[in-house]
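# Fold and contact review
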Amino acid sequence: MEDKQWYMEYKIHKNRPGLLGDIASLLGMLEVNIMTINGVEDRTRGMLLQTDDSEKIELLGKMLKKVDNITVNALRPPKLVDILAVRHGRYIERDSDDRKTFRFTRDELGLLVDFLGELFKREGNQVVGLRGMPRVGKTESIIAGSVCSNKRWAFVSSTLLRQTVRSQLSEEEMNPNNIFIIDGIVSTIRSNEKHFTLLQEIMAMPATKVIEHPDIFIKESHYDYGVFDCIIELRNTPDEEITYETFTSNYNDL
């Protein structure tokens, strides 16, 4: 049978000496390999496990229910957020009402870049929205995530390169394996017919598109929020309000 990974997370009620050793010994006797281990949030530990026998994981869960010092919170095939939680020692904040919205602050750029890098490794069509005020690091994070995923990026529209509005891309740039970067304000408020035709072609491609300012993009185009697979919010501070009134007028004046 093929080896599969599992994510196990448990809350520690009493961190007695030898607790981790006992759990590691149990995993060893079941011949379940520990691939990665780290503390996740307060008194919580996460592990990435590997085994070719899912029945061993089921047995492990039943046995750990009898351990009084811990409570198993998760024992499942790993999600992306699980892998990053073990890697970075904390969970990515998610919107309680809209579970496809993920929140980061500027001091978490390393975690954001890692998150984007893992997203960009996925094949096929996906659309990622990126909210944030000017100069918070949106475009830089997208480029760094592209580098992490070993993929090239192509600017369809951008403010990073002096109000770039492309009307065509080269054959090399139109590769579906590339990451297409779109500024939602520039592509709608500053767009022309040729640019919008190119935008529609790219949106229909089986490729990864990252749209900065997704709310303006939705407001000023025929697309809706259903087109997005996930939306990322990047703030300078956790309580910063993302508002467009202060800077969309600059685009209208050009």
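Residues numbered from 1 in each chain as written. Predicted model: local features only at pLDDT ≥ 70, side-chain atom pairs only at ≥ 80, totals over all residues. Heavy atoms only, no water.

## Looking at the overall build of the protein chain
Helix and strand content of the protein chain: 9 helices and 13 strands. Considering only C-alpha atoms, the protein chain reaches an extent of 65 × 40 × 25 Å along its principal axes. For the protein chain, the accessible area works out to roughly 13200 Å², and carbon and sulfur atoms hold 47% of it. A distance of 3 Å separates the average location of the 33 positive side-chain charges in the protein chain from that of its 40 negative side-chain charges. (Helix = DSSP H or I, 4+ residues; strand = E, 2+ residues; numbered from the N terminus. Areas by Shrake-Rupley, 256 points an atom, 1.4 Å probe, with all protein chains shown as cover. Lys, Arg positive; Asp, Glu negative; His and termini not counted. Charge placed at Lys NZ, Arg CZ, Asp CG, Glu CD.)

## Digging into the environment of alanine 74
As for its placement among the helices and strands, alanine 74 is situated in strand E4 (residues 70-76). Among the residues examined, alanine 74 registers a relative accessible area of 6% and is labelled buried. Put simply, alanine 74 and threonine 101 are 27 residues apart on the chain and 21 Å apart in space, counted from C-alpha to C-alpha. (Buried < 20%, exposed > 50% of the residue type's maximum accessible area, 1.4 Å probe, protein only.)

## Concerning the state of the cysteines
Each disulfide consists of a covalent bond between the sulfur atoms of two cysteine residues. Applying the stated criterion across every chain, the model contains 0 disulfides. Considering cysteine sulfurs only, cysteine 230 is the nearest to cysteine 148, which forms no disulfide, with 16 Å between them. What makes cysteine 230 buried here is its relative accessible area of 6%. (Disulfide = S-S within 2.5 Å.)

## Observations concerning the pairing of strand E2 (residues 33-39)
Pairing between E2 and strand E3 (residues 44-51): 6 bridges, direction antiparallel. Pairing of asparagine 33 across the sheet is with glutamine 50, part of E3. In textbook terms, the turn of a hairpin is the stretch between consecutive antiparallel strands, and for E2 and E3 this stretch comprises 4 residues, one of which, glutamate 41, has a positive phi near 60 degrees. (Pairing = 2+ DSSP bridges.)

## Considerations on the packing of aromatic side chains
According to the stated counting rule, one finds 3 aromatic pairs in the structure shown. Each ring, one from phenylalanine 104 and one from phenylalanine 115, has its centre 5.7 Å from the other, and the planes form 40 degrees; the classification is tilted. Within this pair, whereas phenylalanine 104 is found in strand E6 (residues 101-105), its partner phenylalanine 115 is found in helix H4 (residues 109-120), the two being separated by 11 residues in sequence. Measuring from centroid to centroid gives 5.4 Å for phenylalanine 217 and tyrosine 223, while their planes differ by 15 degrees, and the two rings are stacked. Residue classification places phenylalanine 217 among the buried residues on the basis of a relative accessible area of 0%. Pairwise contacts between aromatic rings join Phe102, Phe104 and Phe115 into one cluster. (Phe/Tyr/Trp six-rings, centres within 6.5 Å; stacked < 30°, edge-to-face > 60°.)

## What about the environment of arginine 106?
Checked against the element boundaries, arginine 106 lands in the loop between E6 and H4. What makes arginine 106 partly exposed here is its relative accessible area of 38%.

## What about the packing of H4 against helix H5 (residues 138-148)?
Two elements in contact, H4 and H5, have axes whose closest approach is 7 Å; the angle formed by their N-to-C orientations is 55 degrees. The angle between H4 and H5 places the two elements in the oblique class. Once H4 is placed against H5, the crossing between them reads as right-handed. Counting all contacts with H4, which are made through Leu109, Leu112, Val113, Leu116, Gly117 and Phe120, the residues of H5 involved are Ser141, Ile142, Ala144, Gly145, Ser146 and Cys148. Residue composition of the contact of H4 with H5, grouped by class: 8 nonpolar, 4 polar and no charged. (Axes fitted to C-alpha atoms, helices over the stretch in contact; angles between N-to-C directions. Parallel < 35°, antiparallel > 145°, perpendicular 65-115°, else oblique. Left-handed = near helix turned anticlockwise from the far one by under 90°. Contact = heavy atoms within 4.5 Å. Nonpolar A, V, L, I, M, F, W, Y, C, P; charged D, E, K, R; others polar.)

Coordinates in, geometry out; function isn't part of it.
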